[in-house]
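Understanding the architecture of this molecule
The residues making up each chain are set out below.
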Amino acid sequence: MARWRRILGGAAAALTVAAMGTLMQSSPAAAAPDGPDMVVGGTTATQGEFPFMVRLSMGCGGALYSPTLVLTAAHCVNGTGTNTSITATVGVVDLNSTSKVTRRSNYVYRAPGYNGNGKDWALIRLSSPVTGLATLPIARTTAYDSGTFTIAGWGAATEGGGQQRYLRKATVPFVSDATCNSSSMYAGQIIASNEICAGYAAGGVDTCQGDSGGPMFRRDAANAWIQVGIVSWGDGCARPNKPGVYTQVSYFAATIASAASSLGG
Ligand code: ARG
């Protein structure tokens, strides 16, 4: 279970999560939106709070990089090329809302050289732009790669739990590469140059299965949201001494930006 993403390399894992999501969303609306420990250890986001959040039909999250591009995780997609199979849902915290907006993908760009170990980012191009939703700028320097981060997603609210109908959010503190790679945590498994850890040593708050591809973000110097991470992997969810591991967006920012422009923005 623990290291499943790196072992499976992503596609199979994403399909498993997608199947969970399909089951959850097709069952009748149950479940009150809020609970004490539901992302894990979070609370329900309010409508419009994170307008850039995207739910992807394979069971992942994403963020609006531009009106036509969704930034997600490489392990959520199968490769680079024409792809009309993904549906992106935007504009709602409630995935069953009648006011949800959906778009079909028309192209996927997966990080060049992605092999299941690091480089966990991808861009999904939508068939037409979404309107009226703020996008989430990416951090282009390491200036924001510390502090307190917000995480959000429709993934499991407990390890092994089901996908969520309502967007959930939480905050987690930065964990240095040295700490995250220490023997009590990931013992050298973190790729320090391009992964960033966040969470509490005591556990309890984390992203989880189905949050993959979604953004980790914080406020910049102008108090605007800026994306510093992409949900990538972890050992279980919210376990003590097992912080969430995120793609370090600043490291890839220039490559992401040039890929985005090659995709037409
Ligand atoms: N790889 C997972 C997914 O596909 C995300 C895992 C995040 N885990 C964590 N403990 N932060 O949804």
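These lines cover the structure that appears in this document, whether it is placed above or below. These numbers were taken from a predicted model, which means no experiment stands behind them.

In the neighbourhood of the ligand, 15 residues make up the surrounding shell, with Asp 206, Thr 207, Gly 210, Ser 212 and Gly 236 lying closest. Between Gly 210 and the ligand, the recorded distance is 2.6 Å, taken from a backbone N or O atom to an oxygen atom. Of the residues forming the shell around the ligand, the biggest block, three residues, is contributed by strand β13 (residues 225–233). Looking at the shell around the ligand residue by residue, the classes come out as four nonpolar, nine polar and two charged.

What follows covers the packing of aromatic side chains. Across all of its chains, the model carries 10 aromatic pairs by this definition. Between Phe 50 and Phe 52, the ring centres sit 6.2 Å apart and the planes meet at 45°, which makes this aromatic pair tilted. You'll find Phe 50 and Phe 52 in the same group, each marked buried. Ring centres 5.2 Å apart and planes at 70° place the aromatic pair Phe 50 and Phe 217 in the edge-to-face group. Residue Phe 50 is located in the loop between β1 (43–44) and β2 (53–56), and its partner Phe 217 is located in strand β12 (residues 215–219); the two are separated by 167 residues in the primary sequence. Exposure remark for Phe 50: the relative accessible area of 7% places this residue in the buried category. Cation over ring: Arg 219 sits above Trp 225, and NZ or CZ is 3.8 Å from the ring centre. Over the ring of Tyr 186 we find Lys 242; its NZ or CZ atom is 5.1 Å from the centre of that ring.

Definitions and cut-offs
- Residue positions are given per chain, counted from 1 along the sequence in the order it is written.
- It should be noted that, the model being predicted, local features are given only for residues of pLDDT at least 70 and side-chain atom pairs only at 80 or more, the latter also being counted only at that level, while totals for whole chains, interfaces and linings use all residues.
- Working from all heavy atoms in the structure, the side-chain values ignore hydrogens and water.
- Here, proximity means that at least one heavy atom of the residue falls within 4 Å of the molecule or strand.
- Polar contacts here mean pairs of N or O atoms no more than 3.5 Å apart (in protein, one a potential hydrogen donor and the other a potential acceptor; neighbouring residues in sequence count only if both atoms are side-chain atoms).
- Segments assigned H or I by DSSP are reported as helices when at least four residues long, segments assigned E as strands when at least two residues long, and all are numbered from the N terminus.
- When residues are grouped by polarity, Ala, Val, Leu, Ile, Met, Phe, Trp, Tyr, Cys and Pro land in nonpolar, Asp, Glu, Lys and Arg in charged, and all others, Gly among them, in polar.
- Aromatic pairing here means that ring centres of Phe, Tyr or Trp (its six-membered ring) are within 6.5 Å. Orientation follows from the plane angle: under 30 degrees is stacked, over 60 is edge-to-face, and everything else is tilted.
- The buried label goes to any residue with under 20% of its type's maximum accessible area, the exposed label to any with over 50%, and the partly exposed label to all in between, with areas taken from a 1.4 Å probe on protein chains only.
- The criterion is that NZ of a Lys, or CZ of an Arg, lies within 6 Å of the ring centre and within 35 degrees of the ring normal, and then a charge sits over that ring.

So far we have only geometry, and geometry alone does not tell us how the molecule works.
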